[in-house]
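# Structural overview
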Amino acid sequence: MTSSETTTEIVGTDAGDARITWHRARTARLVLAVSHGAGGGVEARDLQALAATLPSHGVTVALVEQPWRVAGKKLAPAPKTLDVGWRGIWPALVTPGLPVISGGRSAGARVACRTAVELGAHAVLALSFPLHPPGKPERSRADELLGSGVPTLVVQGGNDPFGKPGEFPDGSFELVEVPYGDHGFAVPKRAEITQDEAVTVITDAVVKWAGSLG
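Calculation criteria
Residues numbered from 1 in each chain as written. Predicted model: local features only at pLDDT ≥ 70, side-chain atom pairs only at ≥ 80, totals over all residues. Heavy atoms only, no water. Helix = DSSP H or I, 4+ residues; strand = E, 2+ residues; numbered from the N terminus. Buried < 20%, exposed > 50% of the residue type's maximum accessible area, 1.4 Å probe, protein only. Contact = heavy atoms within 4.5 Å. Core = buried A, V, L, I, M, F, W, Y, C linked by side-chain atoms within 4.5 Å. Expected span 1.5 Å × (residues − 1). Bend = angle between axes of the 7 residues up to and from the residue. Pairing = 2+ DSSP bridges. Axes fitted to C-alpha atoms, helices over the stretch in contact; angles between N-to-C directions. Parallel < 35°, antiparallel > 145°, perpendicular 65-115°, else oblique. Left-handed = near helix turned anticlockwise from the far one by under 90°. Nonpolar A, V, L, I, M, F, W, Y, C, P; charged D, E, K, R; others polar.

## Structural notes on the environment of leucine 175
With respect to the helices, strands and loops of the structure, leucine 175 is situated in strand S8 (residues 174-178). With relative accessibility at 31%, the residue leucine 175 sits in the partly exposed group. A C-alpha to C-alpha distance of 26 Å links leucine 175 and arginine 87, two positions 88 residues apart in sequence. Those residues within four positions of leucine 175 in sequence are excluded, and the remaining contacts are Val154, Pro165 and Phe168.

## What about the nonpolar core?
Ranked by internal contacts, the top residues of the largest apolar core, which has 34 residues, are Ile20, Trp86, Leu93 and Phe129. Those elements giving two or more residues to this core turn out to be strand S2 (16-23), strand S3 (30-35), strand S4 (59-65), helix H3 (79-93), helix H4 (107-119), strand S6 (123-127) and helix H5 (142-146). Looking at this core, the element that brings in the most residues is H4, giving 7 residues. Excluding anything up to four places from it in sequence, tryptophan 86 contacts Ala33, Val34, Ser35, Val64, Gln66, Leu93, Ser102, Gly103, Val111, Ala112, Thr115 and Leu119. In this structure, Val42, Ala51, Leu54 and Leu153 belong to the second largest nonpolar core, which totals 29 residues.

## A short note on H4
With 13 residues, H4 should reach 18 Å at 1.5 Å per residue; the first-to-last C-alpha distance of 18 Å fits that figure. Along its length, H4 shows its largest kink, about 30°, at cysteine 113. A large share of H4 lies buried, amounting to 10 of its 13 residues. Those residues of H4 lying buried are Ala107, Gly108, Ala109, Arg110, Val111, Ala112, Cys113, Thr115, Ala116 and Leu119. Those residues of H4 hidden inside the fold are in contact with S3, H3, strand S5 (100-105), S6 and H5. Looking one or two residues past H4, glycine 120 carries a phi angle of roughly 80°, positive in sign.

## Things to note about the pairing of strand S1 (residues 6-13)
Judged from the 8 bridges that link them, S1 and S2 form a sheet pairing that is antiparallel. From the neighbouring strand, threonine 6 faces S2, where its bridge partner is histidine 23.

## Comments concerning the sheet that holds strand S7 (residues 152-157)
Strand order across the open sheet formed by 8 strands is S1-S2-S4-S3-S5-S6-S7-S8, with mixed pairing between neighbours. In this open sheet, the two strands that pair with only one neighbour each are S1 and S8. Going from strand to strand, the sheet's axes swing by 20° on average, the running direction of each strand aside. Packing of H3 onto the sheet brings it into contact with S1, S2, S3, S4 and S5, and relative to S1 it is tilted by some 130°.

## Brief notes about the packing of helix H1 (residues 45-53) against helix H6 (residues 195-212)
Orientation of H1 relative to H6, taken along the N-to-C sense of each, is 55°, at an axis distance of 10 Å. On the basis of their axis angle, the class for H1 and H6 is oblique. For the element pair H1 and H6, the recorded crossing hand is right-handed. Residues Arg45, Asp46, Ala49, Leu50 and Thr53 of H1 form the contact with H6, whose participating residues are Gln195, Val199, Ile202, Thr203, Val206 and Val207. A per-class count over the contact of H1 with H6 returns 6 nonpolar, 3 polar and 2 charged.

## Side note on unusual backbone geometry
The backbone phi angle of serine 106 is positive, close to 55°, even though this residue is not glycine. Looking at the element boundaries, serine 106 is found in the loop between S5 and H4. A positive phi angle, near 50°, is found at serine 128, a position not held by glycine. Tracing the backbone through its elements, the reader meets serine 128 in the loop between S6 and H5. What makes serine 128 buried here is its relative accessible area of 0%.

Okay, here's the thing in structure tokens:
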């Protein structure tokens, strides 16, 4: 990709200004809009890898920074406020006139699931879906995932303390495991795969899944 294919815009929402960084495909058939989690930004390794990889496969990637992050705050607001921000960003995401995959990592994945039907998302990409708080499996958020109402891909680290792949309920979603990965898809040095290979598991899975969407 060249720098001319990447642009940034500020979008006003009822929760404050959000920022979209567009990584455009030369000939796009889909838009993948992905936001960050509650503890980090769009510099996350999985989001950056998707932005670098998917445009060459006909998918424009929009990396979305929620208003709280743009404002420089360190703590994410309540889920309802996150949803307000995502709703406000959505009109800019559909401007290219293409089907939009609503996505995010961790808290951003929950937002995508909660709002997919309402916003008319084509599908949902849930990266490191926080199935439950660490050590508290009884506080399951499975209903949000199961209620997305659209084709959904979950990409989950094999050692994610917020929910390992084997903890997920049966459902209509697809699930791809990143071996040894934690909540940020980091793998230990002793793992049988390298960090680069772990990231490739993510990008390959999303490329394949996006290509299967009608």
